[in-house]
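Each chain, written out:
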Amino acid sequence: SRVTLDPAALGEGLLDLEERMWPRFLDGGSGSRAPAAREATFWCACDFLLRHRPAFFRTIGTLEDSYLKAIREKQAGRLAAISELQRCQSMEMEKVRQRAENDECESRRVQS
């Protein structure tokens, strides 16, 4: 279900000069839906929404900001968890080293 923008349906009063050129720009003369044509459709739709539906972009911006904030929080939490894991591993390795030293000292005393 592809959504198409029909400039004629929007009314001539709403359309800027750039928007009136969309049909030629979107067709590209070839009629194919190559990646460049799909990208052009996307940017024309974004342009229209930015000009005529600014509240939509504020909503999208708010969602994007909250998404980026959540990603930053996840990354910070992951870094904190890695740091804590490394600290615990260092403590455990130190205990093993001390235990090995103590065992070595005791075995020397027993042998002497």
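Up top is the structure.
Residues numbered from 1 in each chain as written. Predicted model: local features only at pLDDT ≥ 70, side-chain atom pairs only at ≥ 80, totals over all residues. Heavy atoms only, no water.

## Considerations on the overall build of the protein
Broken down by element type, the protein carries five helices and zero strands. In the protein, the order of α-helices and β-strands from amino to carboxyl end is α-α-α-α-α. Buried residues in the protein amount to 9% of all 112 residues. In the structure as shown, the protein presents an accessible area of about 9,500 Å², 59% of it carried by carbon and sulfur atoms. (Helix = DSSP H or I, 4+ residues; strand = E, 2+ residues; numbered from the N terminus. Buried < 20%, exposed > 50% of the residue type's maximum accessible area, 1.4 Å probe, protein only. Areas by Shrake-Rupley, 256 points an atom, 1.4 Å probe, with all protein chains shown as cover.)

## Describing the pattern of salt bridges
For the structure shown, the criterion picks out three salt bridges. Across the salt bridge formed by glutamate 101 and arginine 97, the nearest N and O atoms sit 2.5 Å from each other. Of the two residues, glutamate 101 and arginine 97 are both situated in helix H5 (residues 54-111); the distance of four residues between them amounts to about one turn of the helix. On the basis of relative accessible area, glutamate 101 is assigned to the partly exposed category, the value being 40%. What makes arginine 97 partly exposed here is its relative accessible area of 38%. Residues joined by salt bridges that share partners form a network here, namely Glu94, Arg97 and Glu101. (Salt bridge = Lys/Arg side-chain N within 4 Å of Asp/Glu carboxyl O.)

## Observations regarding a nonpolar patch on the surface
On the surface, a nonpolar cluster with roughly 270 Å² of combined accessible area is contributed by Phe56, Ile60 and Leu63. A relative accessible area of 37% means that isoleucine 60 is categorised as partly exposed. (Patch = residues over 30% accessible without salt bridge, like charges linked within 9 Å, V, L, I, M, F, W, Y side chains within 5 Å.)

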